Amino acid sequence: MALRRVAVLISGSGTNLQALIDATRSGRVPARIVRVVSDRPTAGGLARAARTGIPTAVIRPHDFESRGAFEEALDRLLREAEAEIVCLAGFMRVLGRAMVEGWAGRMLNIHPSLLPAFPGLEVHERVLEAGMPVTGCTVHFVTAEVDAGPVLVQGVVPVLPDDTPERLRARVLEVEHRAYPRALDLLVRGRAVVEGERVVVRDERPGERLLLHPLLARWTGP
Ligand code: GRF
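Structural notes, computed from the coordinates. For every chain, the first residue of its written sequence is number 1, and the numbers climb from 1 along that sequence. It should be noted that, the model being predicted, local features are given only for residues of pLDDT at least 70 and side-chain atom pairs only at 80 or more, the latter also being counted only at that level, while totals for whole chains, interfaces and linings use all residues. The basis for the side-chain values is all heavy atoms of the structure; hydrogens and waters are excluded.

**Focus: the side chain of threonine 135**
Threshold: Counting from the N terminus, the helices are DSSP H or I runs at least four residues long and the strands are E runs at least two residues long. The contact criterion used is simple: two residues touch if any of their non-hydrogen atoms lie within 4.5 Å.
With respect to the helices and strands, the residue threonine 135 is situated in strand 6 (residues 134–141). Beyond its immediate stretch of four places on either side in the chain, threonine 135 contacts Pro112, Ser113, Leu114, Val127, Gly155, Val156, Val157, Val159, Leu168 and Val172.

**Some details on the pattern of salt bridges**
Rules: What counts as a salt bridge is simple: a side-chain nitrogen of Lys or Arg found within 4 Å of a carboxyl oxygen of Asp or Glu. Buried means the residue's accessible area, taken with a 1.4 Å probe over protein chains only, is under 20% of the maximum for its type, while exposed means over 50%, and partly exposed covers the values in between.
Taken as a whole and assessed by the stated rule, the structure comprises 11 salt bridges. Residue aspartate 63 pairs with arginine 60 through a salt bridge whose shortest N-O separation is 3.3 Å. Note on aspartate 63: relative accessible area 48%, which makes it partly exposed. Among the residues examined, arginine 60 registers a relative accessible area of 32% and is labelled partly exposed. Where arginine 171 meets aspartate 163, a salt bridge forms, and the shortest distance between an N and an O atom there is 2.8 Å. The network of salt bridges with shared partners includes Glu125, Glu166 and Arg169.

**Details of the site of the ligand**
For clarity, the cut-off: Being near a molecule or strand, for a residue, comes down to having at least one heavy atom within 4 Å of it. In protein, a polar contact means a hydrogen-donor-capable atom and an acceptor-capable atom, both N or O and within 3.5 Å, with residues adjacent in sequence counting only if both atoms are side-chain atoms; elsewhere, any N or O pair within 3.5 Å suffices. Computed by Shrake-Rupley with a 1.4 Å probe, the accessible areas treat only the displayed protein chains as cover when residues are assessed. Amino acids are sorted into nonpolar (Ala, Val, Leu, Ile, Met, Phe, Trp, Tyr, Cys and Pro), charged (Asp, Glu, Lys and Arg) and polar (every other residue, Gly among them).
Taken together, Ser13, Gly14, Thr15, Asn16, Gly90, Ile110, His111, Pro112, Leu173 and Glu176 form the complete shell of residues around the ligand. For the ligand, an oxygen atom lies 2.5 Å from a polar atom in the side chain of threonine 15. Separating an oxygen atom of the ligand from a backbone N or O atom of asparagine 16 is a distance of 2.8 Å. Alone, the ligand offers 370 Å² of accessible surface; in the complex the protein occludes 82% of this. Listing elements by their share of the shell around the ligand, those giving two or more residues are helix 1 (15–25), strand 5 (107–111) and helix 6 (165–188). When grouped by side-chain class, the residues that make up the shell around the ligand number 3 nonpolar, 6 polar and 1 charged.

**Looking at the packing of aromatic side chains**
Cut-off, in case you're wondering: Classification of ring pairs rests on two measures: the distance between centres of Phe, Tyr or Trp rings, Trp counted by its six-membered ring, which must be within 6.5 Å, and the angle between planes, read as stacked under 30 degrees, edge-to-face over 60 and tilted in between. To sit over a ring, a charge needs its Lys NZ or Arg CZ within 6 Å of the ring centre and within 35 degrees of the ring normal.
Going through the model one piece at a time under the given rule, you end up with 1 aromatic pair. Each ring, one from phenylalanine 64 and one from phenylalanine 70, has its centre 5.9 Å from the other, and the planes form 65°; the classification is edge-to-face. By relative accessible area, phenylalanine 70 is classed as buried at 2%. The aromatic ring of phenylalanine 70 is capped on one face by arginine 93, whose charged end is 5.3 Å from the ring centroid.

**Some remarks on the sheet that holds strand 6**
The test is simple: Any two strands with at least two DSSP bridges between them are considered paired. Here the axes come from fitting lines to C-alpha atoms, over the contacting stretch only for helices, and the angles between their N-to-C directions go from 0 to 180 degrees.
What the 7 strands build is an open sheet, ordered 3-2-1-4-5-6-7; its pairing is mixed. At either end of the open sheet lies a strand with only one pairing partner, and these are strand 3 (56–58) and strand 7 (151–158). Sheet twist, expressed as the mean angle between neighbouring strand axes with direction ignored, is 20°. With 4 bridges connecting them, strand 1 (residues 4–10) and strand 4 (residues 85–88) associate as parallel partners. Bridge pairing links valine 8 to cysteine 87 in strand 4. Together, strand 1, strand 2 (31–38), strand 3 and strand 4 form the strand contacts of helix 3 (residues 67–80), whose direction differs from that of strand 2 by roughly 155°. Sitting on the sheet, helix 6 touches strand 1, strand 2, strand 4, strand 5, strand 6 and strand 7, and the angle it makes with strand 7 is about 155°.

**Things to note about the packing of helix 1 against helix 6**
Note the cut-off: For classification purposes, angles smaller than 35 degrees are called roughly parallel, those larger than 145 roughly antiparallel, those between 65 and 115 roughly perpendicular, and all remaining angles oblique. In this scheme the crossing of two helices becomes right-handed for a clockwise turn of the near helix relative to the far one and left-handed for an anticlockwise turn of less than a right angle.
Helix 6 packs onto helix 1 with a crossing angle of 45° between their chain directions and a minimal axis gap of 9 Å. As the angle between them shows, helix 1 and helix 6 are arranged oblique. Seen along the crossing, helix 1 lies across helix 6 with a hand that is right-handed. Side by side, helix 1 and helix 6 meet where Thr15, Asn16, Ala19, Leu20, Ala23 and Thr24 of the first sit next to Leu173, Glu176, His177, Tyr180, Pro181 and Leu184 of the second. Residues belonging to the contact of helix 1 with helix 6 are distributed by class as follows: 7 nonpolar, 4 polar and 1 charged.

**Some words on the nonpolar core**
Test applied: Residue types Ala, Val, Leu, Ile, Met, Phe, Trp, Tyr and Cys, when buried and joined through side-chain atoms within 4.5 Å, form a set referred to as a nonpolar core. What counts as a domain boundary in this text is fixed by an automatic or database domain assignment.
In terms of nonpolar packing, the biggest core is built from 43 residues, with Val8, Leu152 and Leu184 touching the most fellow members. The element contributing the most residues to this core is helix 6, with 10 residues. A domain split of this core shows at least three residues from each of domain 1 (1–103) and domain 2 (110–222). When sequence neighbours within four positions are dropped, the list of residues in contact with leucine 152 reads Leu108, Val139, His140, Phe141, Ala183, Leu186, Ala192 and Val199.

Take a look at the structure:
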């Protein structure tokens, strides 16, 4: 099948970007990352992209007179790259309604909690403070509301008694790296359809829901 053209927006180390690079390069996900864009010149993910020969761009908000002007320029960059799908992967900016609506149904984000629980920042700290027995990650379509939007894939991670925010972050991140390629795959194959507030996965095979929660299969108790 024809490879769908994907742009990835980052601000940081880009381990989720790396998972998407690996999944697309190996042919597991029928897509091609055509551009990586960062709002921070120091983002580690830029080097990951460059190592793989993916063109990169840096666009800094404070070089523009308004948020609107920044987002218009960002949008232009994505369209010049002929991106069909945009993946936010640790992109630490909230995008405005005009931008988000222009990419409706074609822009994904990953968040390190089981949304709608724990949107926003300092997620793992808050999960531990709340004494949650499980947490996880969510890949969802981006809508104008922050960390909301129809959910494509969630991965569940147990919270362990001796967890610190750092340990929990590391275990959730591992599951993120499996969830994001999976979500992109559903989207590029046209198997994820938004119906109202929800995503319906077409042609779901028996047992597939379990695969969408990779750690559940590994987590045997107690
Ligand atoms: C991930 O935890 C992601 O869920 C959140 O930001 C982090 C980015 O990590 N939105 P990385 O840059 O992909 O390593």
